[in-house]
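Here is what each chain is made of, one letter per residue.
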Amino acid sequence: MTGTDLPESPGILDHIKGAAYDRGESIRILRMAAAAAEELTDWPSGKPFAVPYPVTTQRVIDRIALIGVMGHSHGLRDCPRSLAELTRWFREKPVSEWPFLSLPSDPDYDEKLIQLDPVQPSDLCVRLALHHRNPGDENLGLERLILKRVHAIYSDAGLEFGHFAFRDAIIEHPVLTRPSYAEFKTTRVGDLYVTDELINTVYVEVDDKYLDARGVAATCSTCDLLLVVEDGRRRCETPRCPGRTRVLVGESHVGRDLKHLSRPVRQLLVAPRRIARHVRESSS
């Protein structure tokens, strides 16, 4: 169990005084909730889900229940009390409407943690979860936070700015097939040969939800990220991608040995750039 899963809790005297859940603590709980929402949304298709719940999920249920019992004037009725209720709040209530948290006024909080059609964590959710996993890095910009480990690898090699070249390379390769993976590893990017460590820092195995009945994955022709398959239809899961409303299938890949960029990398770093490029090229 790590410090990331167990943020500092208010003491019992704080509860007695009624000021246990201030703005800072509310943000910490919200970030933990976002991490749970992201984990549940991306739960592997073939992996059983049962009690005991993942640590972060159980911890956020416990913490919110504690607010309802001891730290919130409206009582437990205004707090989700189970996993089913918590996931319903993720789907149906913008964060700004969570009455048990004391949050700053921010238009971003008008967003829900989980978006539907298809189901995926919102941009807000992914950003909050990223901060939950990186406590103490408040001063890092979003891109630097996403590529923190990549930056460290290049810095350790004496290449302080080499990670920019690697960033540009992964923007061009949101999906890796077995041949492109092998080719990538023979390439010098930012004066450093690409290693398994670098690749595994930003790429993950492709889950079965991206494969059709034949085991084939396909990309969205707009953002070039993999399409999810729901009820036999391919859907783009990238928030704000024009392909969400009118799916145009791009390249197809046999699912075996496929890798694609991890959620925060593809959703917050790569997708906005590829969508902007598509819009520019379409209007020229």
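Further up the page is the structure itself.
In this text the structure is predicted, and so the values were computed from the model without any measurement. Residue numbers restart at each chain and count upward from 1, following the sequence in its written direction. In view of the model being predicted, local features appear only for residues whose pLDDT reaches at least 70, and side-chain atom pairs are presented and counted only at 80 or more, with totals across whole chains, interfaces and linings using the full set of residues. For side-chain calculations, the full set of non-hydrogen atoms in the structure is used, while hydrogens and water are omitted.

Asks: Looking at this structure, how should I read the nonpolar core?
Replies: Within soluble globular proteins, side chains that are nonpolar generally end up buried alongside one another. Counting residues in each nonpolar core, the largest one holds 35 residues, and the members touching the most others are Tyr-154, Phe-166, Ile-170, Phe-184, Val-202, Tyr-203 and Val-265. Helix numbering and strand numbering both begin at the N terminus, where a helix is a DSSP run of H or I of at least 4 residues and a strand a DSSP run of E of at least 2. Broken down by secondary-structure element, the contributors of at least two residues to this core are helix H5 (123–133), helix H6 (142–146), helix H7 (148–156), helix H8 (162–172), helix H10 (196–202) and helix H11 (263–283). Element by element, the count of residues in this core is highest for H11, at six residues. The criterion used for residue contact is that any of the two residues' heavy atoms lie within 4.5 Å. The residues contacting Phe-184, other than those within four sequence positions of it, are Phe-166, Ala-169, Leu-176, Val-189, Val-194, Ile-199 and Tyr-203. To qualify as a nonpolar core, a set must consist of buried Ala, Val, Leu, Ile, Met, Phe, Trp, Tyr and Cys residues joined through side-chain atoms within 4.5 Å. Each residue is assigned to one of three classes by its accessible area relative to the maximum for its type, calculated with a 1.4 Å probe on protein chains only: buried under 20%, partly exposed between the two thresholds, exposed over 50%.

Asks: Sorry if this is basic, but what is going on with the environment of His-253 here?
Replies: Mapping His-253 onto the fold places it in strand S10 (residues 249–254). Once the C-alpha coordinates of His-253 and Leu-176 are considered, the two residues, 77 residues apart in sequence, prove to be 9.5 Å apart. With sequence-adjacent residues up to four places away left out, His-253 is seen in contact with Val-175, Thr-177, Gly-215, Val-216, Ala-217, Thr-219 and Leu-258.

Asks: Would you mind showing me how to read helix H2 (residues 23–41) here?
Replies: Every α-helix winds through 3.6 residues per turn, so residues three or four apart in the chain are directed the same way. Expected span, for any helix, means 1.5 Å times one less than how many residues it has. The end-to-end C-alpha distance of H2, which contains 19 residues, comes to 27 Å, matching closely the 27 Å that a straight helix rising 1.5 Å per residue would cover. Burial analysis of H2 places 15 of its 19 residues in the buried class, the great majority of the element.

Asks: Mind showing me how you'd approach the packing of H2 against helix H4 (residues 83–92) here?
Replies: Relative orientation and spacing of two packed helices are given, respectively, by the angle between their axes and the distance between those axes. The contact between H2 and H4 brings their axes to 11 Å, and the two run at 95°. Taken together, the axes of H2 and H4 lie roughly perpendicular to each other. Contacts from Ala-33, Ala-37 and Leu-40 of H2 reach H4 at Leu-83, Thr-87 and Phe-90. In this classification, the charged set is Asp, Glu, Lys and Arg, the nonpolar set is Ala, Val, Leu, Ile, Met, Phe, Trp, Tyr, Cys and Pro, and all remaining amino acids, among them Gly, are polar. Partitioning the contact of H2 with H4 into residue classes produces five nonpolar, one polar and no charged. Lines fitted to the C-alpha atoms define the axes, with helices restricted to the stretch that makes contact. Angles between their N-to-C directions range from 0 to 180 degrees. Throughout, the term roughly parallel applies to angles under 35 degrees, roughly antiparallel to angles over 145, roughly perpendicular to angles from 65 to 115, and oblique to all others.

Asks: Any chance you could explain the packing of aromatic side chains here in plain terms?
Replies: The description of two aromatic rings rests on the distance between their centres and on the angle between their planes. Aromatic pairs are defined between Phe, Tyr and Trp rings, using the six-membered ring for Trp, whenever the two ring centres lie within 6.5 Å; interplanar angles under 30 degrees are classed as stacked, those over 60 as edge-to-face, and all others as tilted. Summed over the entire model, instances satisfying the criterion amount to seven aromatic pairs. When the ring of Trp-89 is compared with that of Trp-98, the centres are 6.2 Å apart and the planes differ by 75°; the resulting orientation is edge-to-face. Exposure remark for Trp-98: the relative accessible area of 3% places this residue in the buried category. Between Phe-90 and Trp-98 the ring centres are 6.2 Å apart and the planes differ by 20°, which places this aromatic pair in the stacked class. Pair check on accessibility: Phe-90 and Trp-98 agree, each one buried. Among the aromatic side chains, those forming a connected cluster through ring pairs are Trp-89, Phe-90, Trp-98 and Phe-100. Two conditions define a charge located above a ring, namely a distance within 6 Å from the ring centre to NZ of Lys or CZ of Arg, and an angle within 35 degrees of the ring normal. When the ring centre of Trp-89 is taken as origin, the NZ or CZ atom of Lys-93, which lies over that ring, is 4.8 Å away. Over the ring of Tyr-193 we find Arg-188, and its NZ or CZ is 5.0 Å from the ring centre.

Asks: Sorry, what's going on with the pairing of strand S7 (residues 216–220) here?
Replies: Regular strands show a simple pattern: their side chains alternate between the two faces of the sheet. Counting buried residues along S7, five of its five residues qualify, which places the element largely inside the surrounding structure. Strands are labelled as partners when DSSP assigns at least two bridges between them. By the bridge criterion, four bridges tie S7 to S10 in an arrangement that is antiparallel. The residue bridging Ala-217 from the neighbouring strand is His-253, located in S10.

Asks: It is not clear to me how the environment of Pro-264 should be interpreted in this structure. Could you clarify?
Replies: Mapped onto the elements of the fold, Pro-264 is located in helix H11. Residues Pro-264 and Leu-130, 134 residues apart in the sequence, show an inter-C-alpha distance of 7.4 Å. Residue contacts for Pro-264: discarding those within four places in its chain leaves Glu-38, Val-126, Leu-130, Arg-133, Ile-146 and Leu-269.

Asks: Would you explain the pattern of salt bridges in this entry?
Replies: Oppositely charged side chains are able to pair whenever their charged atoms sit close together. A carboxyl oxygen of Asp or Glu within 4 Å of a side-chain nitrogen of Lys or Arg is what we treat as a salt bridge. For the structure on display, the rule yields 25 salt bridges. Where Arg-88 meets Glu-92, a salt bridge forms, and the shortest distance between an N and an O atom there is 3.5 Å. On the criterion of helical spacing, the pair formed by Arg-88 and Glu-92 is a turn pair, its members being four residues apart in helix H4. Residue classification places Glu-92 among the partly exposed residues on the basis of a relative accessible area of 44%. Measuring nitrogen to oxygen at the nearest pair gives 2.9 Å for the salt bridge that ties Glu-205 to Lys-259.

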